[in-house]
Structure formats: structure tokens, C-alpha cells
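Summary of structural features
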Amino acid sequence: MYMRRLVEFAEQHDNDLPPIGYARKSYQWTAVITNDDQFEFFPAGRDDQRIIPDRSRSSGVSPILLTDKAEYVLQLSKNPSDAKAEARAAECHRAYLKLLNECSEATQNDVIKKIVHILECKNWRMQEGMKPEDIILFRAETDYFPHEAKEVKEFWATAILNANLKGGVDRVCFICGRSAPAVKRHSITFALGKDRAKLISANDSAYFSYGLENSEISPTCFVCEQKYGQALSFLLQKYASKDRRGGPNMIQVGDVTYVYWARQNESELASALSLLATPDPEAVRRIVESPFRGTENHSNLHRVSILSLSANKARLVVREYMEPPVWQVKNQIGRFFRAQQVTGARPSSIYLLAACMYRDGNKEIQKHDIEDWMNWALFGRRISERIASKILRRIQAGGAMTWIQAAAIKSWLISQNKGEWTMDLDNARITPPYLCGRLFAVLEAVQYEAVRGNETIASRYYSAASTTPRSIFGLLIRNSKWHLSKIGKVEKGYEIRYQQRIQLISEQLYEFPTVLGLHEQAEFALGYYHERQEIYKKKTDASVVDDLKNTNKDAIKEEKDNESESNY
């Protein structure tokens, strides 16, 4: 299905894609034709690329029109002292001249005639530093590139088509369904990060199918091979600026690349998807609020094609392909960002969410981790329990919880479709795991206020409290009484406020659960995070501090009155 969609994309964007037999490639030298019929060589820039003739070749002699390696163009041998290498260079050069002569006769292009004349007369001086594998491109002094002429494009398309049809066996193309000679080897390679890979190839007996080898395992006619290859190459293009990640139609998260395209509203969709790699808070806010505006009309939006790719050595791995409606993807991206909203957090990227369960995400992160988060962000699929388990184990091992882990835990809970969760503390939620998490946060704050040490009870007891609360909370509550007493000697108001907080939570918690499962552990973690943020927020809020001071004075007065009444 995705191959047909790529061919459709190529047909709809014919003006944006290279013609058949052409590709955007780098080159090392420009051979400028001077007025006195000579070549003057200029080195190309490191990032210089142009759309130039191209073809697939693995062995034998196959020249490329008006651009090729110096071995073909200038008969530059790879090893001048080796007779075989010299013979190979001579054979390549003869084939190259033959192709140029055929093009010159067919097109009657004056510049090409000059190129043929200079090459036959060997009227050039070899440039120092030129290598046999360097690509050379021809240009006239008037900045005219002969390979860009319309008649040259038509000649090369016909020539390369005939070359691919020659000796080919007629088979039914699995893309267009027409009977035509199947391409033996697909010509276009795709760049995914540092890897260059082909989509269809078989060069080992383990991959052969029904006796078919190379690219014949999936019979493809030459025209369809060129169209899908040009379309995918175009969609994989990155932004020219290194400050921007991804490209207009792709985002890369870790080792996985997501390519997307649609018939309408492509720029709007691209901006929404790009947020998954590098979220901008203001842009995220607009996407999050869009489903609630009630002003968007989705009736004219087509489905979006989303292709998930990775590289395995020289092969392209298609991990998944989906065609959801555009509006559905946009709404789900909004849900993705809403789900991760917690106090103290900012809009987070897929990579940060996937990496938060590892000590070193750059080294340990896996492709399926990214896929789990992308499937949630794009399609609303449940995040795997494996993700939650790893995050919770990481929190339990360290006895500490970061905002990104809290955002990931909340996202996981919402993805399970078991109710919504608030951004801040939820006083209406009275489930035992959530209340246990809140109570543990209060007991941790009490211990810290009393001891002021480098470690809190979380570093020693978080794991036990979040998995087997009944076994540990009795000890923690008994210890908290001593801590509260110590706090009261300095700030009586703080002692009373903490006692009230502990009492309020404990009254709603009828008993401590014996064991907490994965879902309950996630609730515990979020309750712990929410309560901690609530405590820290009150400590930094000046009005609350003043309120605590007033509470402290009232508490002392109330204590004295109670003592008087007792004495009476």
C-alpha cells in the first residue's frame, strides 16, 4: 500500500521531484568549458549538491551521462602501475565517450559536442588532488549545465529505460500491476542518519524467494521504481539549517525516522508533527487547544500517510505504515501534550520521554521505546506496560522522581484509558495507591524539615512504600512523630500544619494495601509527585509563608488556652 502511495505522491508532485534517471547528489569537481576548448577544473564545496543524472551499478561498465567518476570521464586509473586497473579505466572511458556521442547525435547540443571534442583530443590538464572516484560535473562558462537541457533529460530517460529493459524478464509489477521487465537492482539509495540503504534487495540465499534474487523478489517496473524512489528521497530531505531538526516531511527520533505526507494541508500537519521532536511551548498550546475551539472544519481533510523507517546495514526497514485522518492525528497530538502536563514540567519531546527510564538514554534507548511513544502520540495506542515498569524501577532504584518521569507516568496512565488525571494535586482522588503516595511525600517532607540531611526517607524506603505499603508505613509514621516533635520546637505552626496534612490523608485511607500492582505503583508515583509539588509550592509562596506564621501564632495561643483549661 505505501509503495502505491509513494508513486501517487510522485505523480502529484512531478514538478518538485527529479526527472527519471536523475537524483540529488554531491559532486567534487566542476569541469568548466573555456573559450579555447579546454577544461578548467574547480573544486565543489563540501555540501554542494545538484540534481544530476544517476543510475545503479554494482559491477561491469555503466557510464552516467554528463557526470561520472574521474575514472570514466578522464580515464584516471585507480592504480597506474597495475595493467588491469589501466585496462579498466580505458574501457570505462571508451564507454563514456560512446554514450556522449550518442547523446550529441540525438540532441545536437553544441556544448555536448564541445565536451566530446575536448575528451577525444585529451585537451585538459589533470587537477592536482583529483581521485579516480571523484564525481565530475560539466558546465559552460555561461553557467549553463548541459545535463539540465530538456532534450538531454529525454535522451537519458530513454537510454536508462532501455538499459533496464534489456535482458529483463517480464513480470507483473507489484505496484502498478502492469506486465513489464522487472528491475534487477533498484537504483536509488536512501539516507537515514549515517546509513544509506535500499528498500528492496536480496544478496544472500536467506532472502531469495522462489528462486528470485536481487530486487526481483518484489518485481517492480522501472518507472515505478524511479517514482517511488524519487518520492521517498524527496520526503526524507532535511532542513538546510542545522538549527532545525528533521525536515518538512520527516522527523527523526533516535534511530527511527517518520515520514509523513498528505494531499491537503501538508504545512499545517508538518508543523504539528514537528512538535514531537522539538516542542515549542506556545505552538504546543495552540495544538492542545485546537480541538476545543470548535472552529475547525475537518470535512475537506484527506488522510495522512505516516511511514516509520529504520536502517539495518544496507537495507531499509519499514517498521509500520498507517493512513489515519489528518484531523485525528492533530487531535491526538493535542491529547499527547495534555497528558504529559504536570506541575513544574514543560512540553517534552518523544526522545526525552523515551529516555527517562534509562541512566544514559543516548546509549541505552531502543527503537521500540520510541515506537511506543510515537504510536501513542500519533495514533492514541496504549503505551506498553514495559515502559511504565522500567520508569517505576528507575524511580524506585534512585529514590527520586523528576518532572519528566512524572510526565511519562501520567501519560502512561492516561493512555490506558482508565480516566483522566489533573495537572496538579487532585484532592478528589481517594484511591489507596494515590493517597499512599501523597502520605509518603508528606512524611518525607517532615523528616527533611527535622533532620535537614543530604538523604531523605525516599532514598531508603520509596521502593518498599510503593510496592508493599503495609510493611513499611507503620515504621515511617512512628518515626514521623519524633520528627514532628523536633519541628515543633522551632516552628510550632509547621508541626501543626504537617499533622493536619497527615491526618487529612490518613482519614481517607482506611487501610494500607498489602501489595501494589503496576497500575497502582504508577498512581502512587503520581500522588507522591503531586503532593511534593504542593508542599514546595506552599513553601515558596510568600502569602502561604505569612499564613503559616499566623497559624503558628494562633497555634501557640490555642495551646496556652488549652493548658489553662486543663489546669482549671
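Residues numbered from 1 in each chain as written. Predicted model: local features only at pLDDT ≥ 70, side-chain atom pairs only at ≥ 80, totals over all residues. Heavy atoms only, no water.

1. A few points about the overall build of the chain
Let me state the cut-off plainly: By the criteria applied, helices consist of DSSP H or I runs no shorter than four residues and strands consist of E runs no shorter than two, each listed in order from the N terminus. Note on classification: 1.4 Å probe, protein chains only; a residue is buried when its accessible area is under 20% of the maximum for its type, exposed when over 50%, partly exposed between these limits. Here, two residues are considered to be in contact whenever any of their heavy atoms come within 4.5 Å of each other. Here the accessible surface of atoms and residues is derived via Shrake-Rupley with a 1.4 Å probe, and residues count as covered only by protein chains that are part of the display.
Along the backbone of the chain there are 20 helices and 14 strands. Scored against the burial criterion, the 568 residues of the chain give a buried share of 48%. Of the contacts made within the chain by residues no fewer than 6 positions apart, 69% connect residues no fewer than 24 positions apart. For the chain, the accessible surface area stands at approximately 28600 Å², while carbon and sulfur atoms represent 47% of it.

2. Considering helix α18 (residues 492-508)
The line we're drawing: Residue count minus one, scaled by 1.5 Å, sets the expected span of a helix.
If you check α18, its first and last C-alpha atoms are 25 Å apart, about what 17 residues at 1.5 Å a residue would give, namely 24 Å. Here α18 has its buried residues at Gly-493, Glu-495, Ile-496, Tyr-498, Arg-501, Ile-502 and Ile-505.

3. A look at the confidence of the model for the chain
Quick reminder of the rule: What pLDDT conveys is the predictor's confidence in a given residue, as a value from 0 to 100.
The predicted model of the chain averages 85 in pLDDT, with 88% of residues at 70 or higher. This model gives residues 542-568 a pLDDT under 50, and the stretch forms 14 contacts once residues within four places in sequence are excluded.

4. Structural notes on the environment of Leu-526
Here Leu-526 shows up in helix α19 (residues 518-540). Distance in space between the C-alpha atoms of Leu-526 and Leu-425 is 9.0 Å, their sequence separation being 101 residues. Look past the residues within four positions of Leu-526 in its chain and what remains in contact with it is Met-401, Ala-406, Lys-410, Leu-413, Trp-421 and Tyr-434.

5. A closer look at empty space enclosed by the protein
Convention followed: With a 1 Å grid spanning the protein atoms alone, the term cavity applies to any set of points in which a 1.4 Å probe fits but cannot get out, the term pocket to an open set with protein on both sides within 12 Å along at least five of seven lines, and the term lining residue to any residue with an atom within 4 Å of a point. Grid points are joined across faces, edges and corners, and a volume is the space filled by probe spheres set on the points. Classification convention: Asp, Glu, Lys, Arg as charged; Ala, Val, Leu, Ile, Met, Phe, Trp, Tyr, Cys, Pro as nonpolar; all other residues, Gly among them, as polar.
Applying the stated criterion across every chain, the model contains three cavities of 30 Å³ or more. Reported here for the second largest cavity is a volume of approximately 60 Å³. Among the secondary structure elements, those contributing two or more residues to the lining of the second largest cavity are β13 (304-312), β14 (315-322) and α12 (367-379). Of the residues belonging to the lining of the second largest cavity, the class tally is five nonpolar, two polar and two charged.

6. Overview of the pattern of salt bridges
Our working definition: We define a salt bridge as a side-chain nitrogen of Lys or Arg found within 4 Å of a carboxyl oxygen belonging to Asp or Glu.
Applying the stated criterion to the full structure yields 18 salt bridges. Its salt-bridge partner being Glu-71, residue Arg-88 comes within 3.9 Å of it at the nearest N-O pair. Pair noted here: Arg-88 is in helix α3 (residues 83-107) and Glu-71 is in helix α2 (residues 70-73), with a separation of 17 residues, a long-range link. Overall, the relative accessible area of 3% leaves Glu-71 in the buried class. Among the charged side chains, a salt-bridge network with shared partners connects Arg-5, Glu-8 and Glu-323.

7. Let's talk about the layout of surface pockets
Taken as a whole, the second largest pocket encloses approximately 580 Å³ of empty space. In this structure, the second largest pocket is lined by 22 residues; those nearest its centre are Arg-55, Ser-56, Ala-163, Asn-164 and Lys-184. Only α5 (150-165) and α6 (222-235) provide two or more residues apiece to the lining of the second largest pocket. In the lining of the second largest pocket, the residues fall into six nonpolar, nine polar and seven charged.

8. Details of the side chain of Lys-198
What counts is decided by this rule: In this tally, Asp and Glu contribute negative charge and Lys and Arg positive charge; neither His nor the terminal groups of the chain are included. Distance and chemistry together define a polar contact, namely a pair of N or O atoms within 3.5 Å, with one atom able to donate a hydrogen and the other to accept it when in protein, and with adjacent residues in sequence counting only for side-chain atoms on both sides.
Relative to the assigned elements, Lys-198 resides in the loop between β10 (195-197) and α6. Of the side chains bearing the opposite charge, Glu-225 lies closest to the buried Lys-198, which forms no salt bridge; the N-O distance is 7.3 Å. Separated by 2.7 Å, the side chain of Lys-198 and the backbone oxygen of His-186 make a polar contact. Those residues in contact with Lys-198, other than ones at most four positions away along the chain, are Ser-56, His-186, Ile-188, Thr-189, Ala-314, Arg-315 and Leu-316.

9. Some words on the packing of aromatic side chains
Selection criterion: What counts as a ring pair is set by centres within 6.5 Å for rings of Phe, Tyr and Trp (its six-membered ring), and what kind of pair is set by the plane angle: stacked under 30 degrees, edge-to-face over 60, tilted for all other angles. Two thresholds decide whether a charge sits over a ring: the Lys NZ or Arg CZ must be within 6 Å of the ring centre and within 35 degrees of the ring normal.
Using the criterion set out here, one finds 16 aromatic pairs in the structure. With centroids separated by 6.1 Å and ring planes inclined at 50 degrees, the aromatic side chains of Phe-440 and Phe-524 adopt a geometry described as tilted. Here the residue Phe-440 occupies a position in helix α15 (residues 432-451), and Phe-524 occupies one in helix α19, the gap between them amounting to 84 residues. The pair Phe-440 / Phe-524 is uniform in exposure class, with both members buried. Each member of the aromatic cluster is reached from another via a ring pair, and the members are Phe-440, Tyr-462, Phe-473, Phe-512, Phe-524 and Tyr-528. One cation-aromatic arrangement involves Arg-50 over Phe-145; the distance from NZ or CZ to the ring centre is 4.0 Å.

10. A few points about the sheet that holds strand β5 (residues 67-69)
Quick reminder of the rule: Whether two strands pair comes down to DSSP finding at least two bridges between them. The axes are straight lines fitted to the C-alpha atoms, using for helices just the contacting stretch, and the angles between their N-to-C directions are given from 0 to 180°.
Taken in spatial order, the four strands of this open sheet run β3-β2-β6-β5, and their pairing is mixed. Whereas interior strands pair on both sides, the edge strands pair on one side only; in this sheet they are β3 (39-43) and β5. Pairs of neighbouring strands in the sheet enclose a mean axial angle of 30 degrees, with direction left out of account. One ladder, built from three bridges, connects β5 with strand β6 (residues 135-140); its direction is antiparallel.

11. Some remarks on the nonpolar core
Condition: Note on terminology: a nonpolar core comprises buried Ala, Val, Leu, Ile, Met, Phe, Trp, Tyr and Cys residues joined through side-chain atoms within 4.5 Å.
Ranked by internal contacts, the top residues of the largest apolar core, which has 89 residues, are Leu-276, Trp-373, Leu-378, Phe-440 and Phe-473. Looking at which element gives the most residues to this core, the answer is α15, with eleven residues. In contact with Trp-373, not counting residues within four places along its chain, are Phe-336, Ile-350, Leu-353, Ala-354, Ile-383, Ile-387, Ala-408 and Ser-411.

12. Some words on the sheet that holds β13
An order of β11-β12-β13-β14 is seen for the four strands of this open sheet, with the pairing classed as antiparallel. The open sheet is flanked by β11 (250-253) and β14, the only strands paired with a single partner. Strand after strand, the sheet turns through a mean of 25 degrees between neighbouring axes, direction not considered. With six bridges joining them, strand β12 (residues 256-262) and β13 adopt antiparallel strand pairing. Residue pairing across strands places Trp-261 opposite Ser-305, the latter belonging to β13.

13. Regarding the pairing of β14
Within a regular strand, the side chains alternate between the two sheet faces. Taken together, the seven bridges between β13 and β14 define a ladder with antiparallel strand orientation. For Ser-310, the partnering residue across the bridge sits in β14 and is Val-317. Taking the residues between adjacent antiparallel strands as the criterion, β13 and β14 are bridged by two residues, where Lys-313 takes a positive phi near 60 degrees.

14. Notes on the packing of α15 against helix α17 (residues 473-488)
The packing of two helices is summarised by the inter-axis angle and the distance between the axes. Rules: An angle counts as roughly parallel when it lies under 35 degrees, as roughly antiparallel when it exceeds 145, as roughly perpendicular when it falls between 65 and 115, and as oblique in every other case. Take the far helix as your reference; a near helix turned counterclockwise from it by less than a right angle gives a left-handed crossing, and one turned clockwise gives a right-handed crossing.
Orientation of α15 relative to α17, taken along the N-to-C sense of each, is 40 degrees, at an axis distance of 9 Å. When the interaxial angle is binned, α15 and α17 end up oblique. At the point where α15 passes α17, the crossing takes the left-handed sense. In this structure, α15 contributes Cys-436, Leu-439, Phe-440, Leu-443, Val-446, Gln-447, Glu-449, Ala-450 and Val-451 to the contact, and α17 contributes Phe-473, Leu-476, Ile-477, Ser-480, His-483, Leu-484, Lys-486 and Ile-487. Here the contact of α15 with α17 is built from residues that sort into twelve nonpolar, three polar and two charged.

15. Overview of helix α14 (residues 403-415)
Residues spaced three or four apart along an α-helix point in a common direction, a consequence of the helix completing one turn every 3.6 residues. Taking 1.5 Å of rise per residue, the 13 residues of α14 would be expected to cover 18 Å, and the 18 Å separating its terminal C-alpha atoms lies within 8% of that figure. Counting buried positions along α14 gives twelve out of 13 residues, so the element sits mostly inside the fold. Listed as buried for α14 are Ile-404, Gln-405, Ala-406, Ala-407, Ala-408, Ile-409, Lys-410, Ser-411, Trp-412, Leu-413, Ile-414 and Ser-415. Trailing α14 by a residue or two, Asn-417 shows a phi angle of about 60 degrees, which is positive.

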